[in-house]
Amino acid sequence: GWEKWNAHYWSEHYPDWLDFFFHELFSEPHSTKPIDDGIGWGLETTPEFLGLTVANPAMFPAMLLDEAIGRIQCPALLIHGDDDRIADVEHSRRLVALRPDWELLEMQDCGHGVMLRDPVRTNLAIADFLRRRGWSGRQ
């Protein structure tokens, strides 16, 4: 399970970690192709390099999350799968509760990679969001 999310495990069992992670990322049925692609892409790097990309406190903003969110001055559309096993949809729900001017589209029966599993629906939702804000795409 998620106890595998650590650099020590990755250094000893990297292919197993990739298999676990991409099965969680693509939780939808019939996801063999994106899972296989993700594992293949993961094998193009090393567990040591992956470890350098995860939760580096030096890269976190100096301000609190609530303050950072409050400073955003443009509309936002959050698109989140309701079967996201990487980042719970509740995170997006909380953000929209903090910022009622933002919108949340929960994609039913989708996992973390909604834009990969349902790109047409995702792109149509983004286009609708932009259109409702007056963006024509011809600027």
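Keep in mind the model is a prediction, meaning the values are calculated, not measured.

A.B. asks: Would you explain the environment of isoleucine 35 in this entry?
C.D. replies: Tracing the chain through its elements places isoleucine 35 in helix α2 (residues 32–42). The class of isoleucine 35 is buried, set by a relative accessible area of 6%. Remark: the alpha-carbon pair of isoleucine 35 and leucine 18, spanning 17 residues in sequence, is separated by 9.1 Å.

A.B. asks: Would you mind showing me how to read the pattern of salt bridges here?
C.D. replies: When charged atoms on two side chains of opposite charge get close, those side chains can pair. Throughout the structure, instances matching the rule amount to 12 salt bridges. Residue aspartate 101 pairs with arginine 99 through a salt bridge whose shortest N-O separation is 2.7 Å. With relative accessibility at 12%, the residue arginine 99 sits in the buried group. We note a salt bridge from arginine 132 to glutamate 103, for which the minimum N-O separation is 2.9 Å. Placement of the pair is arginine 132 in helix α7 (residues 119–132) and glutamate 103 in strand β2 (residues 103–107), with a sequence separation of 29 residues. Looking at arginine 132, the relative accessible area reads 46%, which means it is partly exposed.

A.B. asks: It is not clear to me how unusual backbone geometry should be interpreted in this structure. Could you clarify?
C.D. replies: Only a minority of non-glycine residues have a phi that is not negative, and only a minority of peptide bonds are not trans. One non-glycine residue, histidine 30, adopts positive backbone phi at about 60°. Among the secondary structure elements, histidine 30 is positioned in the loop between α1 (7–25) and α2. You can call histidine 30 exposed: its relative accessible area is 77%.

A.B. asks: Teacher, can you tell me more about the packing of α1 against α2 here?
C.D. replies: The relative placement of two packed helices comes down to the angle between their axes together with the axis-to-axis distance. It is at 9 Å that the axes of α1 and α2 come closest, and there the two elements cross at 145°. Here the hand of the crossing between α1 and α2 comes out right-handed. On the side of α1, the interface is formed by Tyr14, Leu18, Asp19, Phe22 and His23, while α2 contributes Ile35, Gly38, Ile39 and Gly42. Its residues placed into classes, the contact of α1 with α2 shows 5 nonpolar, 3 polar and 1 charged.

A.B. asks: I would appreciate a short explanation of the confidence of the model for the protein in the present structure.
C.D. replies: As a general rule, the predicted coordinates of low-pLDDT regions are not to be interpreted in detail. In the predicted model, the protein carries a mean pLDDT of 91, and 94% of its residues have values of at least 70. Highest mean pLDDT in the protein belongs to strand β1 (residues 77–81) (97); lowest belongs to helix α4 (residues 65–71) (86).

A.B. asks: Just checking my understanding: could you explain α1 for this structure?
C.D. replies: One full turn of an α-helix is made of 3.6 residues, so residues set three or four places apart face in the same direction. End to end, α1 covers just 19 Å across 19 residues, shorter than the expected 27 Å (1.5 Å per residue, more than 12% under). At histidine 13, α1 shows its largest kink, close to 115°, and the proline proline 15 lies no more than four residues downstream. By the burial criterion, the buried members of α1 are Trp10, Tyr14, Trp17, Leu18, Phe20, Phe21, Phe22, Glu24 and Leu25. Each element contacted by the buried residues of α1 is listed here: α2 and α3 (47–52). Where α1 begins, the capping side chain belongs to asparagine 6, and its oxygen is found 3.1 Å from the backbone nitrogen of histidine 8.

Criteria and thresholds
- Residues numbered from 1 in each chain as written.
- Predicted model: local features only at pLDDT ≥ 70, side-chain atom pairs only at ≥ 80, totals over all residues.
- Heavy atoms only, no water.
- Helix = DSSP H or I, 4+ residues; strand = E, 2+ residues; numbered from the N terminus.
- Buried < 20%, exposed > 50% of the residue type's maximum accessible area, 1.4 Å probe, protein only.
- Salt bridge = Lys/Arg side-chain N within 4 Å of Asp/Glu carboxyl O.
- Axes fitted to C-alpha atoms, helices over the stretch in contact; angles between N-to-C directions.
- Left-handed = near helix turned anticlockwise from the far one by under 90°.
- Contact = heavy atoms within 4.5 Å.
- Nonpolar A, V, L, I, M, F, W, Y, C, P; charged D, E, K, R; others polar.
- pLDDT = per-residue confidence, 0-100.
- Expected span 1.5 Å × (residues − 1).
- Bend = angle between axes of the 7 residues up to and from the residue.
- Polar contact = N/O pair within 3.5 Å; in protein donor to acceptor, adjacent residues only side chain to side chain.

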